[in-house]
Amino acid sequence: MSSDLVLGIDVGGTAIKAAAVTRTGTMREKRVVPTPGGGPKAIAACVAGIARDIQAKAGRAFAVGVGWPTPVDPQRGVVLFDNKLGSAGVNVAALIRRATGLPACIENDANAAALAEYLYGAGRGAGSLVLLTLGTGVGGGIVLGGEVWHGRDGAAGEIGHIKVRPGGQRCLFCRRRGCLEAYAGAQAILRRYRAAGRKAEGMKDIVSAARRKERPAVRVVSEMAEMLGMAVADLANILNPEIVVIGGGVARAGNILFRPIRAAMAREALPNVSKGLRVVPAKLGNDAGLLGAAGCAWKRFGTSASSPTSTTGNRRLRTASSN
Ligand SMILES: [Zn+2]
């Protein structure tokens, strides 16, 4: 293979992040541009322009991986459901392949982030990983034996909707009660914190207030950590993963969050499962989606010698059609 680069493209609702990425996860010529309106065709045209620009400076890439902010079927390259970009039912992998002239694959952005932490970040060297991403809501991804676990319909990894308290707070996304997201998603936490008559612009303010031991802030942060610990215990009992990685801006809060999460996990999970389970902050920050998209392209289109996980049985994926 003459080229040792793929392109990683992270398409979000507001921005597209892109870079050329080496087999070991080093980025070159990173770009961030606003996501164009006009749906998936306009996005594919925009991606083609970025791809040309990056390759002109970093050198030729042999494939492109795209992270997409909706559920997708990565085998067919098709978007399953979309209320953000108007791409439901569209074969985005085919659009990107035609626009860039490169073999293309697509992956859900949260799954891509999980794969990135597994290949290049906090989970490097682990055999299995669960990622929880704390943002407006709670997202996640599961990597088992070197592969993202997609489930039957590509809908696996909806960790935010694990029930942590039957009949509890209403989930702002799915409207059911007692979801993890209702206790650990920023939107829900901010709403309840403000309902206590306090002001906060974002989770940062609440974490700072909790550090100052301000009561309502301590209450919501403790509850968040407790519920996260319970959810991690459930995941640990079911999957027995080697590492649980927690990402998103608030994961940078450090021990004020991680100590009680680990304590709740250790209390609630079976002893043989919790023993030695690492619960750690994510390492890749905002680049995780881009790097995971690139990782998908490496896994699917790289040669076995160049694939980042050539020893963990990923040949099945590489034989799949790129559409
Ligand atoms: Zn829910």
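Thresholds applied
Residues numbered from 1 in each chain as written. Predicted model: local features only at pLDDT ≥ 70, side-chain atom pairs only at ≥ 80, totals over all residues. Heavy atoms only, no water. Donors = N, O, S within 2.8 Å, 3.2 Å for Na, K, Ca; no water. Tetrahedral: all angles 85-135°; square planar, octahedral: opposite > 155°, others 65-115°. Helix = DSSP H or I, 4+ residues; strand = E, 2+ residues; numbered from the N terminus. Buried < 20%, exposed > 50% of the residue type's maximum accessible area, 1.4 Å probe, protein only. Domains from an automatic or database assignment. Pairing = 2+ DSSP bridges. Contact = heavy atoms within 4.5 Å. Axes fitted to C-alpha atoms, helices over the stretch in contact; angles between N-to-C directions. Phe/Tyr/Trp six-rings, centres within 6.5 Å; stacked < 30°, edge-to-face > 60°. Parallel < 35°, antiparallel > 145°, perpendicular 65-115°, else oblique. Nonpolar A, V, L, I, M, F, W, Y, C, P; charged D, E, K, R; others polar. Left-handed = near helix turned anticlockwise from the far one by under 90°. Patch = residues over 30% accessible without salt bridge, like charges linked within 9 Å, V, L, I, M, F, W, Y side chains within 5 Å. Areas by Shrake-Rupley, 256 points an atom, 1.4 Å probe, with all protein chains shown as cover. Salt bridge = Lys/Arg side-chain N within 4 Å of Asp/Glu carboxyl O. Lys, Arg positive; Asp, Glu negative; His and termini not counted. Charge placed at Lys NZ, Arg CZ, Asp CG, Glu CD.

**Description of the coordination of the zinc ion**
Next, step 1: Coordination of the zinc ion by the protein comes from H161 (ND1), C171 (SG), C174 (SG) and C179 (SG), over a distance range of 2.0 to 2.5 Å.
Next, step 2: Between the four donor atoms coordinating the zinc ion, the angles at the centre fall across 103 to 116°, so the site counts as tetrahedral.
Next, step 3: Here the donor residues for the zinc ion map to a single chain with the spacing H-x9-C-x2-C-x4-C. Here H161 is found in the loop between β10 (147-148) and α4 (181-184), whereas its partner C179 is found in the loop between β10 and α4, with 18 residues between them in sequence.
Next, step 4: Judged by relative accessible area, H161 falls into the buried class, the value being 19%.

**Looking at the domain arrangement of the chain**
Next, step 1: Along its sequence, the chain is organised into domain 1 (6-109 + 294-318) and domain 2 (122-283).
Next, step 2: Centre-to-centre separation of domain 1 and domain 2, based on C-alpha positions: 28 Å.

**Quick word on unusual backbone geometry**
Residues other than glycine predominantly adopt negative phi, and peptide bonds predominantly adopt the trans conformation.
Next, step 1: Located in the positive-phi region is E29, a residue other than glycine, with phi close to 55°.
Next, step 2: Looking at where E29 falls in the secondary structure, it is placed in strand β3 (residues 27-34).
Next, step 3: Under the relative-accessibility criterion, E29 is labelled partly exposed at 31%.
Next, step 4: Located in the positive-phi region is K213, a residue other than glycine, with phi close to 70°.
Next, step 5: Topologically, K213 is positioned in the loop between α6 (203-211) and α7 (215-239).
Next, step 6: Looking at K213, the relative accessible area reads 67%, which means it is exposed.

**Focus: the sheet that holds strand β11 (residues 243-247)**
Next, step 1: Strand order in the open sheet formed by five strands is β10-β9-β8-β11-β12, and the pairing between neighbours is mixed. The open sheet is flanked by β10 and β12 (278-281), the only strands paired with a single partner.
Next, step 2: Of the strand pairs in this sheet, strand β8 (residues 128-134) and strand β9 (residues 138-144) are connected by seven bridges, and their pairing is antiparallel. Looking across to β9, one finds that V130 is bridged to I142.
Next, step 3: Together, β8, β9, β11 and β12 form the strand contacts of α7, whose direction differs from that of β8 by roughly 155°.

**Remarks on the packing of aromatic side chains**
In this description, an aromatic ring pair is defined by two values, namely the gap between the centres and the angle between the planes.
Next, step 1: Enumeration according to the criterion identifies one aromatic pair in this entry.
Next, step 2: Summarising the aromatic geometry, the rings of F62 and W298 are spaced 5.1 Å apart at their centres and angled 80° between planes, so their arrangement reads as edge-to-face. Separated by 236 residues along the polypeptide, F62 in the loop between α1 (39-58) and β4 (64-68) and W298 in helix α10 (residues 288-301) bring together distant segments of the chain. In this structure, F62 and W298 share a single accessibility class: buried.

**Looking at the packing of α6 against α7**
Packed helix pairs are specified by the crossing angle of their axes together with the interaxial distance, meaning the distance between the axes.
Next, step 1: Relative orientation of the contacting elements α6 and α7 amounts to 105°, with a least axis distance of 8 Å. The pairing of α6 with α7 is recorded here as roughly perpendicular in orientation. Seen from α6, the contacting residues are M203, I206, A209 and A210; seen from α7, they are A217, V218, V220, V221 and M224.
Next, step 2: Class assignment for the residues of the contact of α6 with α7 results in nine nonpolar, no polar and no charged.

**Quick notes on the packing of helix α5 (residues 186-195) against α7**
Next, step 1: Between α5 and α7, the least distance of the axes is 10 Å, while the angle of their chain directions is 150°. As far as their axial angle goes, α7 and α5 are roughly antiparallel. Read as a crossing pair, α5 and α7 show a hand that is right-handed. Contacts from I189, R192 and Y193 in α5 reach P216, A217, V220, E223 and M224 in α7.

**So, a positive patch on the surface**
Next, step 1: Residues R170, R175, R177 and R191 make up a contiguous surface patch of positive charge.
Next, step 2: Along the chain, R175 turns up in the loop between β10 and α4.

**Description of the side chain of R300**
Next, step 1: When you line up the elements, R300 lands in helix α10.
Next, step 2: The charged side chain of R300 is buried without a salt bridge, its nearest counter-charge being D73 at 6.9 Å.

**A short note on the pattern of salt bridges**
Next, step 1: Enumeration according to the criterion identifies 13 salt bridges in this entry.
Next, step 2: Notably, a salt bridge pairs E223 with R165, separated by 3.7 Å at the nearest N-O pair. One end of the pair, E223, is in helix α7; the other, R165, is in the loop between β10 and α4, and 58 residues separate them in sequence.
Next, step 3: The exposure class of R165 is partly exposed, given its relative accessible area of 39%.
Next, step 4: Each of E29, R31, D53 and K57 takes part in a single network of salt bridges with overlapping partners.

**Concerning the sheet that holds β4**
Next, step 1: Within the open sheet, the five strands sit side by side as β3-β2-β1-β4-β7. Their pairing is mixed. On the outer flanks of this sheet lie β3 and β7 (104-108), each paired with one strand and no other. Adjacent strand axes in the sheet meet at a mean angle of 15°, parallel and antiparallel pairs treated alike.
Next, step 2: Across six bridges, strand β1 (residues 6-11) lies against strand β2 (residues 15-21) in antiparallel orientation. Looking at the pairing, I9 lines up with A18 of β2.
Next, step 3: Packing against the sheet, helix α3 (residues 109-120) makes contact with β1, β4 and β7, and its axis sits at approximately 100° to β7.
Next, step 4: Here α10 sits on the sheet in contact with β1, β2, β3, β4 and β7, set at roughly 135° to β1.

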